[in-house]
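What follows is the residue order along each chain.
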Amino acid sequence: MTPTSDPTAPRGPAAPAWMGRVIAVLGIGMLLSACQPDISADAAAPAAPASAALPAASAVDHVPACPAGASVMDGWNDRAPPRRIFGNTWYVGTCGLSAVLVTSDQGHVLIDGGTVAAGPLIEANIRALGVDPHAVKYLLNSHEHSDHAAGLAHLQAATGAPLLARAPAVATLHNGRGDRSDPQHLEPGGTFPPVANVVVVADGEVVRVGPLALTAHATPGHTPGGTSWTWRSCEGARCLDIAYTDSVSAISDAQYRYGDHPQVVAAFRRGLDTLAALPCDIHVTPHPLGSNLFARLAGDGTPPLVDAGACQRYAQHGRAQLDARLKEEAAGRKP
Ligand SMILES: [Zn+2]
Ligand SMILES: [Zn+2]
C-alpha cells in the first residue's frame with residue numbers, strides 16, 4: 001500500500017562493472033526457468049515472443065491525461081488513458097497505480113488490479129483497447145497489498161481468469177487479509193475483497209499463453225509474496241525485455257522491525273540482487289511514478305523509455321533504503 005520507491009531517487013548512469021554479473025546471473029536464471037514446470041493456457045503453445053497484436057487505442061480520447069507533477073500517492077483512483085508501452089505490452093492502470101496487459105492472438109495476461117475503485121477502471125481500459133476481458137487467461141500480482149490487489153476480485157469476475165501468485169502471498173490474496181509476516185500488517189486499510197481462484201506459481205516459473213512467456217521472480221521484503229515479472233515484447237524485428245519490478249521499500253507499521261527478522265532481510269537482499277540482474281530494457285513499477293513511466297512514455301526520449309540500467313539502479317536504491325532502515329532500527333528511531 002506504499003510507494004515503490006522515491007521517484008526523485010537518483011537515476012545515474014549504469015556502471016559497466018555490473019554487466020559481467022548480469023550475464024552470469026542470467027545464465028542461472030535461465031537454468032532455474034528450465035527446471036521449473038511451465039504454467040500454460042495452451043499446452044501446444046510456441047515459445048516465441050509475440051509481436052503487437054492489437055490496433056492502437058482509438059476510443060479513449062475522453063480520458064484526460066494524468067496531471068504532471070503529481071506525487072506517488074496521487075491519482076490512485078483516477079483513470080489514465082490506456083496506451084502502448086512497447087509492442088504487445090499496454091498500460092491499462094490508473095494515474096497512480098499500474099496495471100499492464102500483455103496481449104497475443106491466443107489470449108492475454110494482466111498484471112495487477114489496483115484498488116477496489118481502480119478495478120473497474122482497469123476493466124474499462126482493457127475494453128477501450130478493443131480487448132474482450134474474457135480473453136485474459138491469467139491475472140498476475142506484484143504484491144499482496146490493497147493498492148495492487150484489491151481490484152483483482154473484480155477483475156477475476158470480469159475475466160474468469162485465475163490469479164497466479166507465489167506461495168507466501170496466496171493466503172492473503174485468498175482471504176483478503178494479511179498477517180504479521182507483512183511488515184505493514186497493522187496499517188489501516190489493509191483488507192480487500194478476497195480472490196476466489198488463486199494458483200501457486202514458483203520462483204522462476206514461466207507462465208505461457210500462446211506465444212507469451214512471462215517469468216516469475218521472487219523479490220520479497222516489502223511483502224513476503226513480492227514478485228517481479230519479465231517478458232519479451234517485439235515491434236517488428238525489434239524485441240525488448242520488459243521488467244515489471246515489485247516495490248522494494250523497507251517500511252513498516254508501528255511494531256515490525258526488519259532487524260528482528262534476519263531471514264526476511266536475507267531474502268530481501270537476494271531479491272534485490274535478482275532485480276539488479278533482470279533482463280530490463282524497459283522498466284515498469286507497480287506505482288508508475290516509481291519508474292517515472294509517464295514521462296518516459298511521453299515520446300521525446302527524455303527521460304528515455306528504453307534504459308537497460310534502470311533495474312540495476314532500482315535495486316541499488318532498494319539496498320540503500322534497506323540499509324538506512326536497519327540503521328534507524330539499531331539506533332532506536334524506527335519503527
Ligand atoms: Zn503500493
Ligand atoms: Zn505495498
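Look up: the structure comes first, before these words.
Residues numbered from 1 in each chain as written. Chains lettered and ligands numbered in written order. Predicted model: local features only at pLDDT ≥ 70, side-chain atom pairs only at ≥ 80, totals over all residues.

Chemist: Account for the overall build of the protein, with residues named and values stated.
Modeler: Within the protein one finds eight helices and 14 strands. Buried residues in the protein amount to 49% of all 335 residues. Considering only residue pairs separated by 6 or more positions, the protein has 72% of its internal contacts joining residues 24 or more positions apart. (Helix = DSSP H or I, 4+ residues; strand = E, 2+ residues; numbered from the N terminus. Buried ≥ 20, exposed ≤ 12 C-beta atoms within 10 Å, placed from the backbone. Contact = placed C-beta atoms within 7 Å.)

Chemist: Any details on the environment of valine 116? Residues and values, ideally.
Modeler: Within the element layout of this structure, valine 116 appears in the loop between β6 (108–111) and α2 (118–128). Between the alpha carbons of valine 116 and leucine 152 there is a distance of 8.0 Å; along the sequence they are 36 residues apart.

Chemist: Tell me about the pairing of strand β7 (residues 136–140), and name the residues and values.
Modeler: Taking burial as the measure, the five residues of β7 include five buried ones, the bulk of the element. Relative to β7, β6 runs parallel, the two sharing four bridges. Directly across from histidine 108, in β7, lies its bridge partner valine 136. Taking the sense of rotation as the criterion, the β-α-β connection linking β6, α2 and β7 turns out right-handed. Alignment of β7 against strand β8 (residues 163–165), held across two bridges, turns out to be parallel. Its bridge partner being in β8, leucine 140 is matched across the sheet by leucine 164. (Pairing = 2+ DSSP bridges. Right-handed = clockwise from strand over helix to strand, strands pointing away.)

Chemist: So what's going on with unusual backbone geometry? Residues and values would help.
Modeler: Looking along the chain, the bond that leaves threonine 302 and enters proline 303 is cis, with omega of 0°. Here proline 303 shows up in the loop between α7 (293–297) and α8 (310–330). Proline 335 follows lysine 334 through a cis peptide bond whose omega is 0°. Tracing the chain through its elements places proline 335 in the segment after α8. Positive phi outside glycine occurs at aspartate 112, with the angle close to 75°. Along the chain, the position of aspartate 112 falls in the loop between β6 and α2. Residue aspartate 112 is classed as buried on the basis of its C-beta count, with 27 C-beta atoms lying within 10 Å.

Chemist: With reference to specific residues and values, describe the packing of α2 against helix α4 (residues 152–159).
Modeler: Where α2 meets α4, the axes come as close as 8 Å, and the angle between the chain directions of the two elements is 35°. Along this stretch, α2 crosses α4, giving a crossing that reads as right-handed. Contacts between α2 and α4 involve Gly119, Pro120, Ile122 and Glu123 on the former and, on the latter, His154, Leu155 and Ala158. For the contact of α2 with α4, the residue count by class is four nonpolar, two polar and one charged. (Axes fitted to C-alpha atoms, helices over the stretch in contact; angles between N-to-C directions. Left-handed = near helix turned anticlockwise from the far one by under 90°. Nonpolar A, V, L, I, M, F, W, Y, C, P; charged D, E, K, R; others polar.)

Chemist: Before we move on, can you summarise the sheet that holds strand β3 (residues 83–86) with the specific residues and values?
Modeler: Taking strand neighbours across the sheet as the criterion, the seven strands line up as β3-β4-β5-β6-β7-β8-β9 in an open arrangement whose pairing is mixed. Both edges of this open sheet fall to β3 and β9 (198–200), since each of them pairs with a single strand only. The mean angle between the axes of side-by-side strands here comes to 30°, regardless of whether they run parallel or antiparallel. Where β8 lies against β9, three bridges are found, and the strand directions are parallel. Across the sheet, leucine 163 pairs through a bridge with valine 198, a residue of β9. Each of β6, β7 and β8 touches α4; the most contacted strand, β7, lies at about 170° to it. In the packing of helix α5 (residues 167–175) onto the sheet, contacts are made with β8 and β9, and the angle to β9 comes to roughly 170°.

Chemist: Pulling in residues and values, what's your account of α2?
Modeler: All buried positions along α2 are accounted for by Ala118, Gly119, Leu121, Ile122, Glu123, Asn125 and Ile126. The first or second residue beyond α2 is glycine 130, which carries a positive phi of 85°.

Chemist: I'd love a proper account of the nonpolar core, names of residues and values included.
Modeler: Residues Val100, Val109, Leu214 and Cys311 are the most contacted members of the largest nonpolar core, which totals 70 residues. Element by element, the count of residues in this core is highest for α8, at five residues. (Core = buried A, V, L, I, M, F, W, Y, C linked by C-beta atoms within 7 Å.)

Chemist: Kindly report on the pairing of β3, identifying the contributing residues and their values.
Modeler: In this sheet, strand β4 (residues 89–91) lies alongside β3 in antiparallel orientation, the contact comprising three bridges. Looking across to β4, one finds that arginine 83 is bridged to tyrosine 91. The antiparallel pairing of β3 with β4 creates a hairpin that spans two residues between the two strands, and glycine 87 there sits at a positive phi of about 55°.

Chemist: How would you summarise the packing of helix α6 (residues 262–276) against α8 if you had to cite specific residues and measurements?
Modeler: The relative placement of two packed helices is expressed as an angle between their axes plus a distance between the axes. Their axes nearest at 7 Å, the elements α6 and α8 cross at an angle of 160°. As summarised for this structure, α6 and α8 are arranged roughly antiparallel, according to the angle between their axes. For the element pair α6 and α8, the recorded crossing hand is left-handed. Each of Phe268, Leu272, Leu275 and Ala276 in α6 lies in contact with α8, whose residues at this interface are Cys311, Gln312, Tyr314, Ala315, Gly318, Arg319 and Leu322. For the contact of α6 with α8, the per-class residue count stands at eight nonpolar, two polar and one charged. (Parallel < 35°, antiparallel > 145°, perpendicular 65-115°, else oblique.)

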